[in-house]
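Listed below are the residues making up each chain.
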Amino acid sequence: MPSQLSLKQHAELFDRMACAVGLDLEAEAVSGAFQFDEIAEAVLRCRRCGNVKACKKWLTDAPDAGAGQGLAPDFCRNRDLLAYLQEPRD
């Protein structure tokens, strides 16, 4: 079973990645676009990633973090989910 520290670390990485591509996960959850079970699954998907060092480096090196960098990097296990959340909704 994953440790609390590990889950917290990956929850933070997922949130930082979302911010780097211009998403506010809290706002997405409040709007109903992103459900709690989807958040939990995204964090677990992040935890299963073998590219934590590359992720941290990408997040550190990303210019203007939070300004909407387009897509998450190819190695991100949540890239498709983040891209979906970036799509305009009516």
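The rules behind these values
Residues numbered from 1 in each chain as written. Predicted model: local features only at pLDDT ≥ 70, side-chain atom pairs only at ≥ 80, totals over all residues. Heavy atoms only, no water. Helix = DSSP H or I, 4+ residues; strand = E, 2+ residues; numbered from the N terminus. Buried < 20%, exposed > 50% of the residue type's maximum accessible area, 1.4 Å probe, protein only. Contact = heavy atoms within 4.5 Å. Areas by Shrake-Rupley, 256 points an atom, 1.4 Å probe, with all protein chains shown as cover. Salt bridge = Lys/Arg side-chain N within 4 Å of Asp/Glu carboxyl O. pLDDT = per-residue confidence, 0-100. Disulfide = S-S within 2.5 Å. Arc of directions from axis to C-beta.

J.: Teacher, can you tell me more about the overall build of the protein chain here?
T.: A tally of helices and strands in the protein chain yields five helices and zero strands. Overall, the protein chain shows an N-to-C arrangement of helices and strands of α-α-α-α-α. A total of 90 residues make up the protein chain; the buried ones form 29% of that total. In the protein chain, of all internal contacts separated by at least 6 residues, the share reaching a separation of at least 24 is 76%. Put simply, the protein chain shows about 5,800 Å² of open surface, and 53% of that area lies on carbon and sulfur atoms.

J.: Help me understand the pattern of salt bridges in this model?
T.: For side chains bearing opposite charge, pairing can occur when the charged atoms are close. By the definition in use, this model includes four salt bridges. The salt bridge involving Arg 45 is made with Glu 41; its shortest N-O contact spans 3.9 Å. Residue Arg 45 and its partner Glu 41 are located together in helix 3 (residues 36–47), separated by four residues, close to a single helical turn. With relative accessibility at 21%, the residue Arg 45 sits in the partly exposed group.

J.: When you look at the confidence of the model for the protein chain in this model, what are you seeing that I'm missing?
T.: Low pLDDT means the predicted coordinates in that region are not meant to be read closely. Looking at the protein chain as a whole, its pLDDT mean stands at 86, while 86% of the residues score no less than 70. Per-element confidence in the protein chain ranges from a low mean pLDDT of 89 for helix 1 (residues 4–20) to a high of 94 for helix 3.

J.: When you look at the state of the cysteines in this model, what are you seeing that I'm missing?
T.: A covalent bond bridging the sulfur atoms of two cysteines is what the word disulfide describes. Using the criterion set out here, one finds zero disulfides in the structure. Here Cys 46 stays unpaired: no disulfide links it, and the sulfur of Cys 55, its closest cysteine neighbor, is 5.9 Å away.

J.: Can you help me understand helix 5 (residues 79–86) in this one?
T.: Residues of helix 5 that are buried include every one of Leu 81, Leu 82 and Leu 85, and no others. All buried residues of helix 5 lie within an arc of 95 degrees about the axis, which places them on one face of the element.

J.: Looking at this structure, how should I read the environment of Asn 51?
T.: Counting through the fold element by element, Asn 51 comes out in the loop between helix 3 and helix 4 (52–61). Asn 51 sits 26 residues away from Arg 77 along the chain, and the two C-alpha atoms are 9.4 Å apart.

J.: Please explain the side chain of Asn 78 as it appears in this structure.
T.: Residue placement: Asn 78 occurs in the loop between helix 4 and helix 5. According to the relative accessible area criterion, Asn 78 is buried, its value standing at 2%.

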